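The lines below spell out each chain.
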Amino acid sequence: MASFVYQRAKELLATAALNLGTADLRLALVMTNTTTDTEKAANTFAGFTTLDECNGASYARVDLAGVTTVRDDGNLIVYLDANDAVFTSLGAGTRQNQAALLHVHNATPGLEIPVAFIDQGGFPFDGTGANNTIQWAALGILQLTG
């Protein structure tokens, strides 16, 4: 499976209802029984048939820090970047971690807005009790191209 942007996030971006530079963006890890890789039209986390969020010891969703948007005229790309994400002391879950879900945080569980499914950068992996770092590519987390 390749990384992709969810349909709801595309709509919110197109209508200027989502500003990736100022939104409260976070990452959740999902394991191999997830349906988040096929349900690209889900509006919220509650819209997924099976979220299958990581259940490894010390798991917690990660706030993205240092979020920036960059306009790269030479490559005709605008991309979203952030500091690398660290899942601290992540233990093994019942299944491997398949991907990270970039989402807009909501204090009400299930109402988080999925932005992107990201399965690049070392997926799948098991937690080992050590820190697991997701290191973003040179062109950031997401790329908007023509």
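For the structure itself, consult the block above.
The structure presented is a predicted model; accordingly, all values stated were derived computationally and were not measured.

Draft legend 1. Spatial organisation of the sheet that holds strand β8 (residues 113-118). Taken in spatial order, the five strands line up as β1-β8-β7-β2-β3 in an open sheet, and their pairing is antiparallel. Each of the sheet's edge strands pairs with one partner strand only, and the pair in question is β1 (4-5) and β3 (62-63). Relative to β8, β1 runs antiparallel, the two sharing two bridges. Opposite V5, over in β8, you have A116 as the bridge partner. Contacts from helix α1 (residues 7-14) reach β1 and β8 within the one sheet, and its direction differs from that of β8 by about 115 degrees.

Draft legend 2. Region of the structure containing the packing of aromatic side chains. Evaluated as defined, the whole model comprises six aromatic pairs. Where F4 meets F117, the ring centres are 5.3 Å apart and the plane angle is 15 degrees; that geometry is what we call stacked. Taken together, the positions of F4 in strand β1 and F117 in strand β8 put the pair 113 residues apart, joining distant regions of the chain. No difference in accessibility class separates F4 from F117, as the two residues are buried.

Draft legend 3. Looking closely at the environment of K10. Examined against the element boundaries, K10 turns out to sit in helix α1. A relative accessible area of 44% places K10 in the partly exposed class.

Draft legend 4. Structural context of the pattern of salt bridges. All chains considered together, the criterion is met by seven salt bridges. Where R61 meets E53, a salt bridge forms, and the shortest distance between an N and an O atom there is 2.7 Å. Across the pair R61 and E112 runs a salt bridge whose closest N-O atoms are separated by 2.6 Å. Remark: E112 occurs in the loop between β7 (97-104) and β8 and R61 occurs in the loop between β2 (25-31) and β3; sequence separation between them is 51 residues. Judged by its relative accessible area of 4%, E112 falls in the buried class.

Definitions and limits used
Residues numbered from 1 in each chain as written. Predicted model: local features only at pLDDT ≥ 70, side-chain atom pairs only at ≥ 80, totals over all residues. Heavy atoms only, no water. Pairing = 2+ DSSP bridges. Helix = DSSP H or I, 4+ residues; strand = E, 2+ residues; numbered from the N terminus. Contact = heavy atoms within 4.5 Å. Axes fitted to C-alpha atoms, helices over the stretch in contact; angles between N-to-C directions. Phe/Tyr/Trp six-rings, centres within 6.5 Å; stacked < 30°, edge-to-face > 60°. Buried < 20%, exposed > 50% of the residue type's maximum accessible area, 1.4 Å probe, protein only. Salt bridge = Lys/Arg side-chain N within 4 Å of Asp/Glu carboxyl O.

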